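# A closer look at the structure
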Amino acid sequence: MQPDLLQEARRQAEICNACRYCEGYCSVFPALHAERAFADGDLTQLANLCHNCRGCYYACQYTAPHEFDLNLPQALANVRQDSWEELAFPRAAGKAFQKNGALIALVTVLGFSLLFWAARALASVGGEGFYAVLSHNAMVAIFLPAFLFPLVSIGVSLRRYWRHVGAGPLRPGQVLAALRSAAQMKNLKGGHGDGCNFEDEDRFTHARRAVHQAVMYGFLLCFAATSVATVMHYVFGMPAPYGLFSVPKLLGIAGGLLLTAGCVEMIRLKLRADRQLGAVRAFGGELAFIGLLGFVAFSGLALYALGQTPAMPVLLVLHLGAVLAFFLLTPFTKMAHGFYRLAALTLDAQRKG
């Protein structure tokens, strides 16, 4: 990891440790104040525990023009971003996406869409709905490896993270505590329960917390829809297409609407926020990821709405191209932050005993 980023984060953490004004703001400060010196692994853990709500920055008396020039949200964001690049598997892919995220996402979606268009020759004879464009077996052959790759990649990355931060053996109670915190977005509530200062230093709001919950639960609903459809197909012999009031459709439509709305609002919030309080060089990559995730959800909704029209084949290949790009790029995009943050929350629960 980059020594200058770690050294700056260490300098600021030591000043914060002496001040302790922000002790009740989020999980970062109790964890920070439990240390007397900060190894590289300690700083990486603090960085991934930080949710970038920015309340500490606006409360701090040592920000510029003070000579200490503290900007802890940015210092931790830089370390956090650097840790994702260094711990990614393969590492080169992580670095490439952070530098050219928007271009890579666009080219990947269009490239895979063209491949799916060319693969229409594999369409099943007499198939219904989407399977008239691309056979079920072809879809499985393409998406199964694409689904397994990010699981392996993220698994290797998290193992590297766990070793880097010096964590001990996992216990079920620690994982449950981390899941509860993530489900409630506890660290986006702010120290007094008023929310973040993400948009304006004088305005507390729960908007960012609500948007994160919309994206998270929207994604989980979409994943649940796919999982239920898989069980219905292989266990109960009920292949797609499914009706409007079927479980996969109800879960998928609800998830798609939440995910689309959440991504649009998240982009709006990011564009309004002060970029100097985050990892500036990662801004483009973050927007690219949110845009890709939102497009996956929106194209899925459009595909359902226009599935009986001549536009269906074009919409299908665009949607499948976006889904495939999303899966393959997941370990190197902002999507990976959810896994790292869950690991950081688990380690924090371990620290608390």
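Summary of the structure given here. (Residues numbered from 1 in each chain as written. Predicted model: local features only at pLDDT ≥ 70, side-chain atom pairs only at ≥ 80, totals over all residues. Heavy atoms only, no water.)

## Observations concerning the nonpolar core
What counts, and what does not: Grouping buried Ala, Val, Leu, Ile, Met, Phe, Trp, Tyr and Cys residues that are joined through side-chain atoms within 4.5 Å yields what is termed a nonpolar core. Burial classification: accessible surface area is computed with a 1.4 Å probe over protein chains only, and a residue below 20% of its type maximum counts as buried, one above 50% as exposed, and the rest as partly exposed. Starting at the N terminus, helices and strands are each numbered in turn, a helix being any DSSP run of H or I of at least four residues and a strand any DSSP run of E of at least two. Only heavy atoms matter for contacts: two residues are in contact if any of them lie within 4.5 Å across the pair.
Formed by 45 residues in total, the largest nonpolar core has its most connected members in F116, L292, L293, L316, L320 and F326. Those elements that provide at least two residues to this core are α6 (91-118), α7 (136-164), β1 (196-200), α9 (207-234), α10 (247-272), α11 (283-305) and α12 (312-329). For this core, the element with the most residues is α12, which contributes 11 residues. In this structure, L292 is in contact with V109, A322, A325, F326 and L329, ignoring residues within four places of it in sequence. One finds C26, A75, Y161 and A343 within the second-largest nonpolar core, a separate group that totals 38 residues.

## Focus: the environment of F204
Along the chain, the position of F204 falls in strand β2 (residues 203-205). The exposure class assigned to F204 is partly exposed, which follows from its relative accessible area of 48%. For the pair F204 and L70, spaced 134 residues apart in sequence, the C-alpha separation works out to 21 Å. Once residues lying within four places of it in the same chain are set aside, the contact partners of F204 are D194, G195, C196 and N197.

## Thoughts on helix α8 (residues 172-184)
Selection rule: To estimate how far a helix should extend, the number of its residues minus one is multiplied by 1.5 Å.
With 13 residues, α8 ought to run about 18 Å at 1.5 Å a step, and its terminal C-alpha atoms sit 19 Å apart, in line with that. Its buried side turned inward, α8 meets α13 (336-352). Where α8 ends, the next residue or the one after it, M185, has phi of about 50°, a positive value.

## With respect to the environment of K99
Of note, K99 is situated in helix α6. Considered as a pair, K99 and G284 are 185 residues apart in the sequence and their alpha carbons are 8.2 Å apart.

## Description of the packing of aromatic side chains
This is how the line gets drawn: Note on aromatic contacts: the rings of Phe and Tyr and the six-membered ring of Trp form a pair at centre separations within 6.5 Å, being stacked when their planes are under 30 degrees apart, edge-to-face when over 60 apart, and tilted otherwise.
For the structure on display, the rule yields nine aromatic pairs. Seen in terms of ring centroids, W84 and Y340 are 6.3 Å apart; in terms of plane orientation they differ by 25°. Their pairing is stacked. Here W84, found in helix α5 (residues 72-87), pairs with Y340, found in helix α13; they are 256 residues apart in sequence, far enough to count as distant. Here W84 and Y340 have matching classes, each one buried. Pairing F219 with F326 gives two aromatic rings, centres 5.9 Å apart and planes at 55°, and the pair type is tilted. Note that F219 is positioned in helix α9 and F326 in helix α12, a separation of 107 residues in sequence.

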